[in-house]
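Single-letter residue listing:
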Amino acid sequence: MEQASEAKLIALMAPSGYGKTILLAQYARVSQRSCSWLSLSGEMADPLILARALAFSLQTTLPDLKLSRFERTLQDAAYSQDMAVALAEDLVDTPDNLRIILDQAQYLSKTSGEWLETFLECLPEGHQLLLGGYEGLPVNLSRLAFRDELMILGASQLAFTPQESTAYLSARGLEKEHEQLHDSLEGWPAGMALVSAQAKEYLSPAELIRGLIEQLPGEWRDRFNQVGPLSIWSEERARQIGADLPPGWLEYAARIGLPLAPLGQGDYKPHRLLLKELKKDLAKTPVAPALFAATGRLLEAEQDLYSALDAYRKAGACAEEHRVLYQLLFDLTQRSEHAVAAELLEPYAWQELPPQIQGLMMSIYSRLHRTAEVAEMVERLSQSGHDNPAVAKALAEWETDQGNYAVALQRAQQGLERPLLSGYDWTIRLHNAQLRALWLGGDIEQAWVQAQAGIQRIQSDDPVALAQLYHFAAIIAAVAWQPEAAVDYGRQAFQLYRDAGALHGMALVSWEVMNGLVLQGRYEEAWAAYREVQQVIGGHPHAFQWEQAHLLELVADLHLWNLELTEAAQTLETLALQTQPKRQDIYERASLKRYEVDLRLGTWSPQTDPWPAVGESDYGLLWRGMMLLLSGETEQARQSLEQAVDRLDGAELLRAQALLAEAELQEGREGASVQCVRELSAKLGGISLLQADMPYMPQLAQVLGGLGGGKAQPAPVRIPQAREPQGGHLKIMGDHFSLSFGGEEHTLSHKRGRELLILLATRGASSRDMLVDAMWDGDADPKNIDYFKVIVRRLRHQLSQILNTAEDPLPFRQGVYQLGSSMVWQTDYGELRQAVEQKDQEAVAALLEHCTNRFLESIGEEWAEELRLEIQDLIEEAALWISNEDESNTLGLEALVRLDSMNPMYYEGLIERLKKLEKSDKARIYYKKYLRMMVSEDLGKPQEYDLI
């Protein structure tokens, strides 16, 4: 637990008797941080009561803590999530990193669990929440797990190891049977305590539990096993499944010491060892099947389908079991959770399942590339002639994946000709299988006709199936260069997926919508589509990492095509960090696109600088073709671009086609690619995304400009209005640090916060280890790491107030800190470097006027000295360059004197220049300074000048 200091949440989730509370108490005692402790109770299912109790606990731990934001929200009687946000924000300015411990978290309700999720999401950097409770807490943890901010300790981690069991039992006086006892109890600490508390004789856990059951009244003791099928006990639930037990049985069972955990409102959770014994006894009775079947119906009505499936299996109720299994598999495949569905199928032999489940099983295994198993099923089912739409769809998808498109169409058609299953709309699913076969088979025209016909003809109450139809239509429309239709169909699919809660589909179809908008030059709408999907998917507990990565890549493209190069560079850097090494394909594209951005910024050249390693990926071929074209190797560029055209689609295909057209024109011929681009330009009403590439395609730009007929017309390229990026500016080359935003000067009161901001602005994205190493000169003491989190928390809060933005100005993703992607941070150092590279005399002169490079001296850390020396070298370079370029200008030489007032050569050069320009008054001033410096520093005989 101590090693998980980076985790935002540590959750101890296990049944009773595993020492969760004891472990949390021990951890709080030895912790170096301040710890706030709150034991939850049943009334804290109400989020308002939970919020007030937590606030009181925090103020008890930190008496000086002011909860001003939280207290303002309490004036609103509604149970608002604003309370959670306000309470978390009140912890921004705490001088310590807190550990907030909530024990007995099983008392959380769905509502208070959601409140706690919001509090946790807004909890500032450095603070940590610890939860102790039973398994199945009503708190979604997947988002934290996605960000590597979660540590879970379950029963397997909290149980005794064999060595710990032996040591404990020996200390309690039991000298034998240690290994057997450990195995039978599975390391359950409370069980060890129960056994060791008995006499010297050995008692198994089963004997302990049976001994307690023997204390039940004889008239219903033998019927007590009838509640064995229930994992949550209450007298009402026992009556619903037909258990023959008298009123008050549950209270009596709890009173005699049976291992039952109270959940509130008359509900109890029995220990799994108790349930195991009861189920073992129940299996010997004739009423067992009826009780398990009744339990299955109860759980199915409560929508606990997984538990219902297990109950039906124990009841031997095959029809009900298969019905629930089919529903679970269907729902899982709709959400693209194929791995979970495959786990559910593990206990079953596929030959014993009904055809509709066999069809789903084939589809699931196909998605998971379990080819050998699918091939066996295909062979058997193809021969058996099942008239089942699920099987027909699975066979059609299999044939499509194998490239047998005609056979796939035949399979889907055969399914449509058979009687369809009730409860699910297989007509639309088989139609979608046909569309997929036509699309992947390259028959785009027929696919487009069938997609439109299907939308006109097919009606369905199944939102996911209907969404998939619109989704396929959007894909086919994009391939058929119908971007407006692709956007319309994609938006309808998005809404249908949203209604069904199918986030995977929402993420995928958003790409189609954004791509269609980009092809039409509707950039602002593309941004709006991105923000919409982020609001839904980004805030949902199920985080779709790779779909998010694809969307982020399209965001980088939007910046690139709209010539927002700084934003493009930042987005691509974030994307590369998120995808390496798990998704090498996306990482390679992000890296190559970053080179393209550097090319446009003038910081990289394919003619002079080394090329990166470029593979044979689709985008790699496009990138290589573009670089070869820019390097003048037209024939090789054409060959690479021809391959790219065959393999790409969407916007990248259009770019490849345009670059290929330029290569053809440079070879002195107007080939098919030029005609293709011309037709697409006319069809789309202009190709706005190509405006970014036009500097690389001068001949194609000229051809496109002649579309109007006899006289040359401007190219039909709609250049969108670029969004003015928000910009912050840092001055670090003068006497003092300053930050400006929106034309106003702002202060950062915290010295260490200024240092962190400068490091990120000059170095770019950096890991925590790198930043701590820099700020404390390699001293990675845990206290420094804790203080670093306080610095981050305060800086993030101050920047949020200055920038007045809801976006995190200092995000921490994939182990790396960076400045927010919507902000462009400039430094005077970066501006001077750029001005020197661009040979901009006016800009260089303006920047040199206030350069002293003294602020960085005051920091005193090694990184600051290294940066100061880099800036000093740049100032010297700039000053000497501007002095040599313009002999009537003395700004450069004056800057050198300010930079190093102990250097005689700088004084002498400046005095000579002033004398030459006949600026005698100024020359005398510097000569006096020069004489004082030479005498005070004992630097020898000063140079003599006739300045009278």
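These figures come from a predicted structure and were not determined experimentally. (Residues numbered from 1 in each chain as written. Predicted model: local features only at pLDDT ≥ 70, side-chain atom pairs only at ≥ 80, totals over all residues. Heavy atoms only, no water.)

1. Topic: the overall build of the protein
Counting its secondary structure elements, the protein contains 46 helices and 14 strands. Burial status across the protein gives 52% buried among its 948 residues. Of the contacts made within the protein by residues no fewer than 6 positions apart, 64% connect residues no fewer than 24 positions apart. Just so you have it, the protein exposes about 42,900 Å², and 49% of that area is on carbon and sulfur atoms. (Helix = DSSP H or I, 4+ residues; strand = E, 2+ residues; numbered from the N terminus. Buried < 20%, exposed > 50% of the residue type's maximum accessible area, 1.4 Å probe, protein only. Contact = heavy atoms within 4.5 Å. Areas by Shrake-Rupley, 256 points an atom, 1.4 Å probe, with all protein chains shown as cover.)

2. Focus on the environment of Leu-144
Along the polypeptide, Leu-144 turns up in helix 6 (residues 142–146). Placed 136 residues apart in sequence, Leu-144 and Lys-8 show a C-alpha to C-alpha distance of 7.7 Å. With near-sequence residues (within four places) excluded, Leu-144 lies in contact with Lys-8, Leu-9, Leu-120, Glu-149 and Leu-150.

3. Comments concerning the pattern of salt bridges
Inspection of the entire model under this criterion finds 38 salt bridges. Between Glu-277 and Arg-210 there is a salt bridge, with the nearest N and O atoms lying 3.0 Å from each other. Remark: Arg-210 occurs in helix 11 (residues 205–213) and Glu-277 occurs in helix 15 (residues 272–282); sequence separation between them is 67 residues. As a salt-bridge pair, Glu-277 and Lys-280 come within 3.5 Å of each other at their nearest N and O atoms. In this pair, Glu-277 and Lys-280 are both assigned in helix 15, three residues apart and thus about one turn of the helix distant. For Glu-277, a relative accessible area of 6% translates into the label buried. Residues participating in the shared-partner salt-bridge network are Arg-210, Glu-277, Lys-280 and Asp-281. (Salt bridge = Lys/Arg side-chain N within 4 Å of Asp/Glu carboxyl O.)

4. Topic: the packing of helix 39 (residues 768–775) against helix 40 (residues 782–803)
Interaxial distance between helix 39 and helix 40 falls to 11 Å at its minimum, and their mutual angle equals 100°. By the angle between their axes, helix 39 is roughly perpendicular relative to helix 40. Residues Arg-768, Leu-771, Val-772 and Met-775 of helix 39 form the contact with helix 40, whose participating residues are Ile-785, Phe-788, Lys-789 and Ile-791. Its residues assigned to classes, the contact of helix 39 with helix 40 shows six nonpolar, no polar and two charged. (Axes fitted to C-alpha atoms, helices over the stretch in contact; angles between N-to-C directions. Parallel < 35°, antiparallel > 145°, perpendicular 65-115°, else oblique. Nonpolar A, V, L, I, M, F, W, Y, C, P; charged D, E, K, R; others polar.)

5. A word on the sheet that holds strand 2 (residues 34–39)
With respect to topology, five strands assemble into an open sheet ordered 2-3-4-1-5, the strand pairing being parallel. Edge strands, defined here as strands with exactly one partner in the open sheet, are strand 2 and strand 5 (150–153). When strand polarity is set aside, the average angle formed by the axes of neighbouring strands in this sheet is 15°. Across the face of the sheet, helix 2 (residues 47–61) comes into contact with strand 2 and strand 3 (98–103) while running at roughly 145° to strand 2. (Pairing = 2+ DSSP bridges.)

6. Observations regarding the side chain of Arg-436
Turning to its location among the elements, Arg-436 is positioned in helix 24 (residues 426–440). Judged by its relative accessible area of 16%, Arg-436 is buried. Side chain to side chain, Arg-436 and Asp-401 meet in a polar contact 2.7 Å long. Excluding residues that lie within four positions of it along the chain, Arg-436 makes contacts with Glu-397, Thr-400, Asp-401 and Phe-472. (Polar contact = N/O pair within 3.5 Å; in protein donor to acceptor, adjacent residues only side chain to side chain.)

7. Details of the nonpolar core
In this structure, Tyr-489, Met-514, Leu-622 and Trp-623 are the most contacted members of the largest nonpolar core, which totals 96 residues. With 12 residues, the top contributor of residues to this core is helix 26 (residues 463–479). Counting residues in hydrophobic clusters, the runner-up holds 90 residues, among them Trp-249, Leu-273, Ala-288 and Ala-394. (Core = buried A, V, L, I, M, F, W, Y, C linked by side-chain atoms within 4.5 Å.)

8. Considering the packing of helix 16 (residues 288–301) against helix 17 (residues 305–315)
Across the interface, helix 16 lies against helix 17 with an axial gap of 8 Å and an inter-helix angle of 165°. In terms of axis orientation, helix 16 runs roughly antiparallel to helix 17. Considering how the two elements wind past one another, helix 16 and helix 17 form a crossing that is left-handed. Each of Pro-289, Phe-292, Ala-293, Thr-295, Gly-296, Arg-297, Leu-299 and Glu-300 in helix 16 lies in contact with helix 17, whose residues at this interface are Leu-305, Ser-307, Ala-308, Ala-311, Tyr-312, Lys-314 and Ala-315. For the contact of helix 16 with helix 17, the per-class residue count stands at nine nonpolar, three polar and three charged. (Left-handed = near helix turned anticlockwise from the far one by under 90°.)

9. Considerations on unusual backbone geometry
We note that Gln-104 has phi near 60°; this positive angle belongs to a residue other than glycine. Along the chain, Gln-104 falls in the loop between strand 3 and helix 5 (110–122). What makes Gln-104 partly exposed here is its relative accessible area of 27%. Positive phi values are uncommon outside glycine, yet Gln-303 reaches one of about 65°. Residue placement: Gln-303 occurs in the loop between helix 16 and helix 17.

10. Brief notes about helix 17
Regarding helix 17, the residues found buried are Leu-305, Ala-308, Leu-309, Ala-311, Tyr-312 and Ala-315. Projected onto a plane normal to the axis of helix 17, the buried residues spread over an arc of 165° and lie on a single side. One or two positions beyond helix 17, positive phi appears at Gly-316, with a value near 75°. (Arc of directions from axis to C-beta.)

11. Points about the packing of aromatic side chains
Counting across every chain of the model gives 15 aromatic pairs. Clustering of aromatic rings is evident, with ring pairs tying together Trp-220, Phe-224, Trp-233, Trp-249 and Tyr-252. Lying across the ring of Tyr-365, Arg-370 places its NZ or CZ 3.9 Å from the centre. Positioned above the aromatic ring of Tyr-619, the side-chain terminus of Lys-593 is 5.0 Å from the ring centre. (Phe/Tyr/Trp six-rings, centres within 6.5 Å; stacked < 30°, edge-to-face > 60°. Lys NZ or Arg CZ within 6 Å of the ring centre and 35° of its normal.)

12. What to know about a negative patch on the surface
Where like charges cluster on the molecular surface, the negative patch consists of Asp-769, Asp-773, Asp-777, Asp-779, Asp-781, Glu-837, Glu-862, Glu-866, Glu-870, Asp-873 and Glu-877. Contributions of two or more residues to the negative patch are made by helix 39 and helix 43 (862–885). With five residues, the top contributor of residues to the negative patch is helix 43. (Patch = residues over 30% accessible without salt bridge, like charges linked within 9 Å, V, L, I, M, F, W, Y side chains within 5 Å. Lys, Arg positive; Asp, Glu negative; His and termini not counted. Charge placed at Lys NZ, Arg CZ, Asp CG, Glu CD.)

13. Overview of helix 22 (residues 389–401)
Given a rise of 1.5 Å per residue, 13 residues ought to cover 18 Å, and the 18 Å separating the end C-alpha atoms of helix 22 matches this to within 8%. A large share of helix 22 lies buried, amounting to 12 of its 13 residues. Within the span of helix 22, buried status applies to Pro-389, Ala-390, Val-391, Ala-392, Lys-393, Ala-394, Leu-395, Ala-396, Glu-397, Trp-398, Glu-399 and Thr-400. Looking at the residues trailing helix 22, positive phi occurs at Gly-403, about 85°. (Expected span 1.5 Å × (residues − 1).)

14. With respect to the confidence of the model for the protein
Looking at the protein as a whole, its pLDDT mean stands at 80, while 89% of the residues score no less than 70. The low-confidence segment residues 539–543, where pLDDT is below 50, has 12 contacts with residues more than four positions distant or belonging to other chains. Every residue in residues 706–725 scores below 50 in pLDDT, and together they form 40 contacts with partners more than four places removed in sequence or on other chains. (pLDDT = per-residue confidence, 0-100.)

15. Re the pairing of strand 4 (residues 128–133)
Taken across its six residues, strand 4 has six buried, putting it largely inside the fold. The alternating pattern of strand 4 places Gln-128, Leu-130 and Gly-132 on one face and Leu-129, Leu-131 and Gly-133 on the opposite face, and all of these are buried. Taken together, the five bridges between strand 1 (residues 9–13) and strand 4 define a ladder with parallel strand orientation. Following the sheet pairing, Met-13 is matched in strand 4 by Gly-133. In the sheet, strand 3 pairs with strand 4 via four bridges, with the strands oriented parallel. In the sheet register, Ile-101 faces strand 4, and the bridge partner there is Leu-130.

16. Some thoughts on the side chain of Glu-755
Structurally, the position occupied by Glu-755 is in helix 38 (residues 751–763). Not counting residues within four places of it along the chain, the set of residues in contact with Glu-755 comprises Met-775, Ile-859, Glu-861 and Trp-863.

17. Notes on the environment of Ala-88
Tracing the backbone through its elements, the reader meets Ala-88 in helix 4 (residues 82–89). The class of Ala-88 is buried, set by a relative accessible area of 0%. Along the primary structure Ala-88 and Phe-119 are separated by 31 residues, whereas in three dimensions their C-alpha atoms are 5.8 Å apart. Apart from the residues lying within four places of it in its own chain, the contact partners of Ala-88 are Phe-119, Cys-122, Leu-123 and Pro-124.

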